[in-house]
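Here is what each chain is made of, one letter per residue.
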Amino acid sequence: MSYRIIRVIGFCFLLTGCAYFSTTTEIEQPTSAYPEPDPQMARQLDAYRDSMNSVMGQKVATVQDTLKFGKPESSLNNIVADALRFQAASTLRQFVHVGITGEESFKLYFVPGKLTVRDVYEFMPYNNHLVVLSMSGEKLMTLIEQVADMGGAPISGVRFRIDEDGNPNSVLVNAQVLDPDETYLVATSSWAANGGDKFPALWNVSDRSDLELSIREVYINYFKNQVELTASTDGRIRR
Amino acid sequence: MISRKTFLKQSVYALAGSAVVPGIADKFTDLIENPSITILYTNDTHSRIDPYPKNAREFAGLGGIAKRSSLVKKIRFEEKNVLLLDAGDVFQGTPWFDQYGGKVDFEMMSEMGYDAMAIGNHEFDLGLEGFADAAKSAEFSFLCANYSTWNTPMHPFVEHELIKEIDGYKVGIFGLGIQLEGIVDPKLHGRVHYRDPVLSAKRSVENFRNFHACDYIICLSHLGYEYDGNQIDDVSLAQEVSGIDLIIGGHTHTFLDNHVAVENPDGSETLITQMGHSGIRLGRIDLHLNKKSPRPLVTSQYYTIGGNS
């Protein structure tokens with residue numbers, strides 16, 4: 001109510017140039033700091049942030065280079081796929097042939113400096129878990145065709161070249177020629193296995209183990225083991 | 001990115017200010033006698049308390065609840081009648097949620113003076129007890145007309161409808177939630193059951209119009225904007241139910257730059273709007289009331305939070 005009256009008075013002043021305005025000195029000034037943050041709320045949040053940082057601020061690894069996702073392969077593509085494969089292997093205490101994930105679920109790229117638990121949570125905001133699928137070589141080849149068709153995706157344990165028609169050539173699995181009759185273990189996220197990413201070959205696989213390890217734990221553990229994250233590509237997917 | 005659009009009210013002021021002619025007084029009376037209601041809204045904020053980090057792959061630097069708060073304060077200073085609403089999915093998305101389970105979000109939303117929010121599917125992410133724990137920090141209404149919450153920990157916190165009376169003008173607000181099957185783990189939603197949103201919407205509209213003489217009806221919907229299949233969405237809701245003036249939507253994270261008008265069975269119109277997600281945008285709809293006309297003149301715009309505005 002008071003706002004409205006003050007505005008109308010101010011308005012009269014604008015229009016007529018009368019001195020009416022000067023008599024209402026106790027005008028409420030706008031308390032807003034916009035576009036700056038509300039200082040009062042920022043203080044309240046800082047209190048919460050301080051206690052959150054004891055957990056979320058813990059260092060996971062040091063990032064040495066700027067690491068990004070990219071096609072056909074990139075340092076961050078390779079890191080996220082290797083992490084799935086190696087964490088699955090160490091959980092199962094068994095060799096795992098392939099790791100694969102879509103890149104759409106990841107929300108950050110990495111910049112040089114300290115990587116914290118909080119960063120990993122921002123990097124992978126979803127609460128999915130690790131899944132290991134057992135599939136035939138034939139099915140694995142279908143999966144690799146889907147990756148090639150996308151122009152590349154985060155994948156580990158596989159090397160191939162994408163030809164002009166978008167098909168995979170010279171496909172090697174763990175440095176050996178892919179055997180259509182062999183059985184391969186493929187590590188991925190529950191999201192991808194449930195139909196979330198764009199790899200239909202991962203959907204409806206009957207021989208599937210759901211591990212009690214969240215994807216975030218996968219990355220936290222893997223990055224901790226790596227200690228330093230550096231830019232490196234190994235030509236696993238070539239054009 | 002467009003951050004702000006001019007809206008009618010500002011231009012009325014500008015016009016009045018530049019023309020020192022008789023009759024101006026009539027314009028003032030007009031503005032005072034025909035007030036406006038400003039509806040501010042968000043959806044799917046997903047615990048984006050802090051702005052997106054600088055190294056985010058998308059939306060770097062955008063959002064932030066303290067910036068939203070200062071914008072809301074600014075608008076509250078400029079406008080007398082403000083409603084602040086959310087269409088659900090405040091839960092899940094950042095370390096804030098992992099650490100505080102939505103409590104901080106609800107506290108800050110209360111601080112900002114939110115009037116009501118819909119229940120999103122992610123509001124079940126910590127189970128019904130988890131929701132109830134966080135909801136204790138909320139000083140606003142949780143609206144859902146189509147979930148049966150009877151005998152569950154959610155029940156004390158959820159209402160079907162809310163009526164806001166502003167200068168004698170009655171705004172009825174109700175909420176709709178998305179189907180739970182296939183979207184929410186049955187272990188998490190427990191004995192909360194989903195009911196047909198079309199039926200619930202018709203019931204709410206009837207209640208508002210016939211028993212409470214509401215002048216304007218808003219639906220806070222977490223159904224989603226539009227689907228390919230025959231799943232109920234905001235567009236089909238508007239096509240099937242007459243009498244809803246405005247649907248503030250969510251779930252599909254749709255950035256609608258302008259509201260969309262959909263024709264109802266009775267030939268009237270429902271406006272649909274949605275502001276993407278994560279508090280990147282604050283939506284604004286102004287209802288310019290006019291005693292001579294039953295329907296207010298509607299102008300809409302949005303603000304990009306943390307953008308160069």
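Residues numbered from 1 in each chain as written. Chains lettered and ligands numbered in written order. Predicted model: local features only at pLDDT ≥ 70, side-chain atom pairs only at ≥ 80, totals over all residues. Heavy atoms only, no water.

In the nomenclature of an unreviewed UniProt entry, chain B is known as Metallophosphatase of Rhodohalobacter sulfatireducens. According to the UniProt record, the Sequence similarities (unreviewed entry) comment for chain B is "Belongs to the 5'-nucleotidase family." (UniProt positions renumbered as here; feature names shortened; annotations may be inferred.)

Chain A goes by 5'-nucleotidase C-terminal domain-containing protein in an unreviewed UniProt entry, where it is assigned to Rhodohalobacter sulfatireducens.

Residues and elements named next belong to chain B. Tracing the backbone through its elements, the reader meets S221 in strand β10 (residues 216–221). Classification of S221 by relative accessible area gives buried; the value is 0%. Setting aside its immediate chain neighbours within four residues, S221 contacts A87, L176, D234, I247, I248, G249 and G250. (Helix = DSSP H or I, 4+ residues; strand = E, 2+ residues; numbered from the N terminus. Buried < 20%, exposed > 50% of the residue type's maximum accessible area, 1.4 Å probe, protein only. Contact = heavy atoms within 4.5 Å.)

In this section: the pairing of β10(B). Residues and elements named next belong to chain B. Within β10, six of the six residues are buried, leaving the element largely enclosed by the surrounding structure. Burial along β10 is two-sided: the residues Y216, I218 and L220 and I217, C219 and S221 are all buried. Taken together, the six bridges between strand β8 (residues 169–176) and β10 define a ladder with parallel strand orientation. Following the sheet pairing, L176 is matched in β10 by S221. Bridge count for β10 against strand β11 (residues 246–248) is three bridges, and the pairing is parallel. Considered in β11, the bridge of L220 is made with I248. Assessed by its sense of winding, the connection that carries the chain from β10 through helix α9 (residues 234–240) to β11 is right-handed. (Pairing = 2+ DSSP bridges. Right-handed = clockwise from strand over helix to strand, strands pointing away.)

Time to look at the packing of helix α2 (residues 39–56) of chain A against helix α5 (residues 103–112) of chain B. Between two packed helices, both the angle of their axes relative to each other and the distance between the axes serve to describe the pair. The interhelical angle for the contact between α2(A) and α5(B), taken along N-to-C directions, is 165 degrees, at an axis separation of 11 Å. Comparing their axes, α5(B) and α2(A) come out roughly antiparallel. Considering the relative orientation of α2(A) and α5(B), their crossing is right-handed. Only K103(B), V104(B), E107(B), M108(B), E111(B) and M112(B) of α5(B) make contact with α2(A), whose side of the interface consists of Q40(A), M41(A), Q44(A), L45(A) and Y48(A). Split into classes, the residues belonging to the contact of α2(A) with α5(B) amount to six nonpolar, two polar and three charged. (Axes fitted to C-alpha atoms, helices over the stretch in contact; angles between N-to-C directions. Parallel < 35°, antiparallel > 145°, perpendicular 65-115°, else oblique. Left-handed = near helix turned anticlockwise from the far one by under 90°. Nonpolar A, V, L, I, M, F, W, Y, C, P; charged D, E, K, R; others polar.)

Turning our eyes to something else, we now look at the UniProt feature "domain: Calcineurin-like phosphoesterase" (unreviewed entry) in chain B. Under the feature "domain: Calcineurin-like phosphoesterase" (unreviewed entry), the UniProt entry names residues 38–254 of chain B. Structurally, residues 38–254 of chain B is divided into 30% helix and 21% strand, and its ends, taken at the C-alpha atoms, are 22 Å apart.

Before going further, it helps to examine the pattern of salt bridges. All names here are of chain B. Applying the stated rule across the entire model yields 22 salt bridges over all chains. The residue D115 makes a salt bridge to K164 at a minimum N-O spacing of 3.0 Å. With a gap of 49 residues between them, D115 in the loop between α5 and β3 (116–118) and K164 in strand β7 (residues 161–166) connect regions that are remote in the sequence. Its salt-bridge partner being D245, residue R209 comes within 3.1 Å of it at the nearest N-O pair. Within this pair, whereas R209 is found in helix α8 (residues 197–211), its partner D245 is found in the loop between α9 and β11, the two being separated by 36 residues in sequence. With relative accessibility at 30%, the residue R209 sits in the partly exposed group. (Salt bridge = Lys/Arg side-chain N within 4 Å of Asp/Glu carboxyl O.)

Take the confidence of the model for chain A next. When the pLDDT values of chain A are averaged, the result is 90; 87% of them are 70 or greater. For the stretch residues 1–27 of chain A, pLDDT sits under 50, and the model shows 31 contacts to residues farther than four places along the chain or on other chains. (pLDDT = per-residue confidence, 0-100.)

The next subject is the UniProt feature "domain: 5'-Nucleotidase C-terminal" (unreviewed entry) in chain A. In this structure's numbering, the residues bearing the UniProt feature "domain: 5'-Nucleotidase C-terminal" (unreviewed entry) are residues 71–202 of chain A. Strand forms 28% of residues 71–202 of chain A and helix 32%; the C-alpha atoms that close the span are 20 Å apart.

Residue and element names in this part refer to chain B. Ordered in space as β7-β8-β10-β11-β13-β12, the six strands form an open sheet in which the pairing is mixed. The open sheet is flanked by β7 and β12 (260–263), the only strands paired with a single partner. Shown here is a sheet whose adjacent strand axes are inclined to one another by a mean of 25 degrees, direction ignored. Sitting on the sheet, α8 touches β7, β8 and β10, and the angle it makes with β8 is about 165 degrees.

With that out of the way, let us pick up the state of the cysteines. Residues and elements named next belong to chain B. Across all of its chains, the model carries zero disulfides over all chains by this definition. A disulfide-free cysteine, C214 has its sulfur positioned 14 Å from the sulfur of C219, the nearest such atom. Note on C214: relative accessible area 7%, which makes it buried. With no disulfide of its own, C219 has C144 as its nearest cysteine by sulfur position, at a separation of 9.5 Å. (Disulfide = S-S within 2.5 Å.)

Another point: the nonpolar core. Counting residues in each nonpolar core, the largest one holds 89 residues, and the members touching the most others are F123(A), F223(A), F106(B) and F142(B). In terms of residue count, the dominant contributor to this core is helix α3 (residues 75–92) of chain A (seven residues). In contact with F142(B), other than residues within four places in its own chain, are F106(B), M117(B), I119(B), F131(B), A135(B), F157(B), V158(B) and E159(B). Counting residues in hydrophobic clusters, the runner-up holds 27 residues, among them L133(A), A192(A), A201(A) and L202(A). (Core = buried A, V, L, I, M, F, W, Y, C linked by side-chain atoms within 4.5 Å.)

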